[in-house]
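One letter stands for each residue in the lines below.
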Amino acid sequence: MSTVIPGNLHVANDVLADMVGNAALECYGVVGMAAPSAADGIAKILPTSRLRRGVVVTTTDAGVHVELYVVIEYGTNINTVSQNLVDQVTFALKEYARVPIDGVEVHVQGVKVRK
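Residues numbered from 1 in each chain as written. Predicted model: local features only at pLDDT ≥ 70, side-chain atom pairs only at ≥ 80, totals over all residues. Heavy atoms only, no water.

Draft legend 1. Local environment of the packing of helix α1 (residues 13-25) against helix α2 (residues 78-97). Orientation of α1 relative to α2, taken along the N-to-C sense of each, is 135°, at an axis distance of 9 Å. Comparing the axis directions of α1 and α2 gives the class oblique. In this structure, α1 crosses over α2, and the sense of that crossing is right-handed. On α2, the residues touching L16, M19, V20, A23 and A24 of α1 are L85, Q88, V89, A92, L93, Y96 and A97. For the contact of α1 with α2, a count of residues per class yields 11 nonpolar, one polar and no charged. (Axes fitted to C-alpha atoms, helices over the stretch in contact; angles between N-to-C directions. Helix = DSSP H or I, 4+ residues; strand = E, 2+ residues; numbered from the N terminus. Parallel < 35°, antiparallel > 145°, perpendicular 65-115°, else oblique. Left-handed = near helix turned anticlockwise from the far one by under 90°. Contact = heavy atoms within 4.5 Å. Nonpolar A, V, L, I, M, F, W, Y, C, P; charged D, E, K, R; others polar.)

Laid out in structure tokens, this is it:
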């Protein structure tokens, strides 16, 4: 039973950032999110209540552009974890929010041993 309702749906960038942060933490090898500007070269892991601080969502003509700032687990392949992050975030935004994706960038701010 599919009913089409006319109109437009606008999703706030903060909502998309929350979705991206949650999707990122589900990826294997991600220890946590980091702030976009690591002061003194030290990346601090953000608490789960502030995930959106590690995500920058901007809207372009082509769609939504996402930048992720993450800390990954020591001993994992950075390239593989980054590609998994891109795939996970793209899937979440396309399937749940139904927004077009302009691009996803992953910035690894640090490496940490998972406790």
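Draft legend 2. Molecular detail of the side chain of T76. Secondary-structure assignment places T76 in the loop between β3 (64-73) and α2. What makes T76 buried here is its relative accessible area of 17%. A distance of 2.7 Å separates a polar atom in the side chain of T76 from the backbone oxygen of E73. (Buried < 20%, exposed > 50% of the residue type's maximum accessible area, 1.4 Å probe, protein only. Polar contact = N/O pair within 3.5 Å; in protein donor to acceptor, adjacent residues only side chain to side chain.)

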